[in-house]
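Summary of structural features
Take a look at the letters that make up each chain.
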Amino acid sequence: MLKQIEGSLGVAEAVALCRPGVVCAYPISPQTHIVENVGKFVKTGTLKNCDFLNVESEFSAMSVAIGSSVGGARTYTATASQGLLFMAEGIYSASGLGLPIVMTVASRAIGGPINIWNDHSDSLSQRDSGWLQLFCESNQDAVDTHIMAFKIAEKVGLPVMVCMDGFVLTHAFERLDIPDQETVDKFLGEYEPKEYLTPKEPVSIGAMVGPEAFTEVRFLQQRKMAKALKVIEEVTEEYRALTGSKSGGILECYNCENADLKIIIMGSSVGTAKDEIDRLKAEGINVGIISLKSFRPFPYKKLAEAIGDTKQVICLERAFSFGARGIICPEVKRAMEGKNCDIKTVVAGLGGRPIFGTTINGIVKDALAGKFTEEFTWFDIDSNVLNGYTQKSEGVSFPQGPLGQSVLEDSVKG
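In short, a report on the structure. Bear in mind the structure is a predicted one, so any value in this text is a computation, not a measurement.

Here's the deal with the overall build of the chain
Each helix and strand in the chain was counted, giving 15 helices and 16 strands. Relative to the compact-globule value of 22 Å for 414 residues, the chain shows a C-alpha radius of gyration of 22 Å, a close match. In terms of principal-axis extent, the alpha carbons of the chain reach across some 65 × 50 × 40 Å. Across the 414 residues in the chain, those meeting the buried criterion constitute 55%. Across the chain, contacts joining residues at least 24 apart in sequence account for 80% of those joining residues at least 6 apart. For the chain, the accessible area works out to roughly 18600 Å², and carbon and sulfur atoms hold 53% of it.

What follows is the structure, encoded as structure tokens:
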């Protein structure tokens, strides 16, 4: 059914259609509207046979999620930013125990300083936590991906983060096609937990594992991740056949055939990039966009196929690793190891700084002109803001425009 609604409400409706048995929630912007709406559905009886638990912290939300999943209930929660960090201990426990929890991460910058706007520093900080991480480029993508996430989690036996850009998607109103209950029931089926606590077959879950078996436990967890790539594709194909949706999958290519340059992007900036490269195409500039939807597990083989023989790739990243460089770029380099391909990181859009069509245009034209001479470039630095601090405190000034990593390193040499 087509509805003109807020992205958060669309996700809440999608979650309710999946008939979770337990939803545990603690408010933190920009995910609050999602759990607020799910709570309303429980209170009004729209979502039946579901316990909605208001807890006192995000750590408690994940603790409840672990307990309810171990107890055999289909389980959902949501968080963002500092809330995700507060959950961290439980996040690792959930994946280590193989619990099929689904959690929305309404991606938001991590403080300090406090910033409530969007980038990917929160979700990517948990990239090694053992959760599948699926990124959405639109609210329709988010609606469909949440429904698919429950099936993926339950088939793989690992929890799933569905990452959608905070405010840019969560608070945007647009036309969404929400499937009906019969369709979702047919797709998901009745929940049948594989590993859970029951008096009929008493076992211990989460017990101590020593050196004699811990490596094997991690091997099995990694094996599930390897299986997940195929499961994501199978579930996506099934969902698309049932609903006619074009959402989901591991990655999506746009205008990639014979492209002189390909840009790899995660999240809502994909739409902006598609619109801008359509305009660039009219100028005779052929650029491809690879929308990376599965960051964990990382699709090395599929990404290498998508890049193909393209000699120049830019990873547009909305986070980075302090003391190192990009986060996506090193993975892309592993995928293209041994191939003649120049792969670079361009950081933009941190803390909610908008990525406009002009941003994409500038990145494309600078890349094709050979202006990105280093692996890591800060693209949208405002030197007026930066120099307001560094000139006074250090006597250092930075030029306007993209800044390579060497500029930063040279500026601290005494």
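So, next bit.
Observations concerning the pattern of salt bridges
Enumeration according to the criterion identifies 20 salt bridges in this entry. Note that Glu-375 and Lys-333 form a salt bridge whose closest N and O atoms lie 3.0 Å from each other. On the criterion of sequence distance, the pair formed by Glu-375 in the loop between helix H13 (357–368) and strand S15 (376–378) and Lys-333 in helix H12 (residues 328–335) is long-range, its members being 42 residues apart. For Glu-375, a relative accessible area of 25% puts it in the partly exposed group. Through salt bridges with shared partners, a single network forms among Glu-137, Asp-141, Glu-252, Lys-274 and Lys-293.

Overview of the environment of Ser-204
Mapped onto the elements of the fold, Ser-204 is located in the loop between helix H8 (181–188) and helix H9 (214–243). On the basis of relative accessibility, which here comes to 60%, the residue Ser-204 falls in the exposed class. As a C-alpha pair, Ser-204 and Asp-185 span 19 residues in sequence and 32 Å in three-dimensional space.

Digging into the nonpolar core
Within the largest apolar cluster, 49 residues are counted, with the highest numbers of intra-cluster contacts made by Tyr-76, Leu-132, Ile-152 and Val-160. Leaving out residues up to four positions away in the same chain, Val-160 has contacts with Ile-101, Val-102, Met-103, Trp-131, Leu-132, Leu-134, Ala-149, Ile-152 and Ala-153. Core analysis: the next-biggest nonpolar cluster, separate from the first, contains 42 residues, Ala-94, Ile-290, Phe-295 and Cys-329 among them.

Re unusual backbone geometry
Geometrically, the link from Gly-111 to Gly-112 is a cis peptide bond, its omega value of 5 degrees lying close to zero. Mapped onto the elements of the fold, Gly-112 is located in the loop between strand S5 (102–107) and helix H6 (121–125). Although it is not a glycine, Ser-81 adopts a positive phi angle of roughly 50 degrees. Within the element layout of this structure, Ser-81 appears in helix H4 (residues 81–86). The exposure class of Ser-81 is buried, given its relative accessible area of 0%.

What about the sheet that holds S5?
Through backbone hydrogen bonds, the strands of a sheet pair up, either in parallel or in antiparallel fashion. If you trace the seven strands from one edge of the open sheet to the other, you get S3-S2-S4-S5-S7-S6-S12, paired in mixed fashion. On the outer flanks of this sheet lie strand S3 (51–54) and strand S12 (294–296), each paired with one strand and no other. Along the sheet, successive strands turn relative to each other by an average axial angle of 20 degrees, direction set aside. With four bridges connecting them, strand S4 (residues 75–79) and S5 associate as parallel partners. Residue pairing across strands places Thr-77 opposite Met-103, the latter belonging to S5. Docked against the sheet, helix H2 (residues 32–44) engages strand S2 (22–25), S3, S4, S5 and strand S7 (160–165), running at close to 135 degrees with respect to S3.

Quick look at the sheet that holds strand S14 (residues 342–347)
Ordered in space as S9-S11-S10-S13-S14-S15-S16, the seven strands form an open sheet in which the pairing is mixed. Looking at which strands have only one partner, the edges of the open sheet turn out to be strand S9 (251–254) and strand S16 (403–404). Pairing analysis gives six bridges linking strand S13 (residues 312–317) to S14, with the strands arranged parallel. Counted as the bridge partner of Cys-315 is Thr-345 from S14. In this fold H12 packs onto strand S10 (261–265), strand S11 (287–292), S13 and S14, with an angle of close to 150 degrees to the strand it touches most, S13.

Section: the packing of aromatic side chains
Remark: the centre distance and the inter-plane angle together describe each pair of aromatic rings, the angle taken between the planes. Applying the stated criterion to the full structure yields nine aromatic pairs. Ring geometry for Phe-298 versus Tyr-300: centroids 4.8 Å apart, planes at 50 degrees, classification tilted. Its relative accessible area of 6% is what places Phe-298 among the buried residues. Their ring planes at 70 degrees and their centres at 4.9 Å tell us that Phe-320 and Trp-378 sit as a pair that is edge-to-face. Of this pair, Phe-320 sits in the loop between S13 and H12 while Trp-378 is found in strand S15, placing the two residues 58 residues apart along the sequence. By the burial criterion, Phe-320 is buried, and Trp-378 matches it. Ring-pair connections join several aromatic residues into one group, and the members of that group are Phe-320, Phe-322, Phe-376 and Trp-378.

Scoring rules and cut-offs
- Residues numbered from 1 in each chain as written.
- Predicted model: local features only at pLDDT ≥ 70, side-chain atom pairs only at ≥ 80, totals over all residues.
- Heavy atoms only, no water.
- Helix = DSSP H or I, 4+ residues; strand = E, 2+ residues; numbered from the N terminus.
- Rg over C-alpha atoms; globule rule 2.2 N^0.38 Å.
- Buried < 20%, exposed > 50% of the residue type's maximum accessible area, 1.4 Å probe, protein only.
- Contact = heavy atoms within 4.5 Å.
- Areas by Shrake-Rupley, 256 points an atom, 1.4 Å probe, with all protein chains shown as cover.
- Salt bridge = Lys/Arg side-chain N within 4 Å of Asp/Glu carboxyl O.
- Core = buried A, V, L, I, M, F, W, Y, C linked by side-chain atoms within 4.5 Å.
- Pairing = 2+ DSSP bridges.
- Axes fitted to C-alpha atoms, helices over the stretch in contact; angles between N-to-C directions.
- Phe/Tyr/Trp six-rings, centres within 6.5 Å; stacked < 30°, edge-to-face > 60°.

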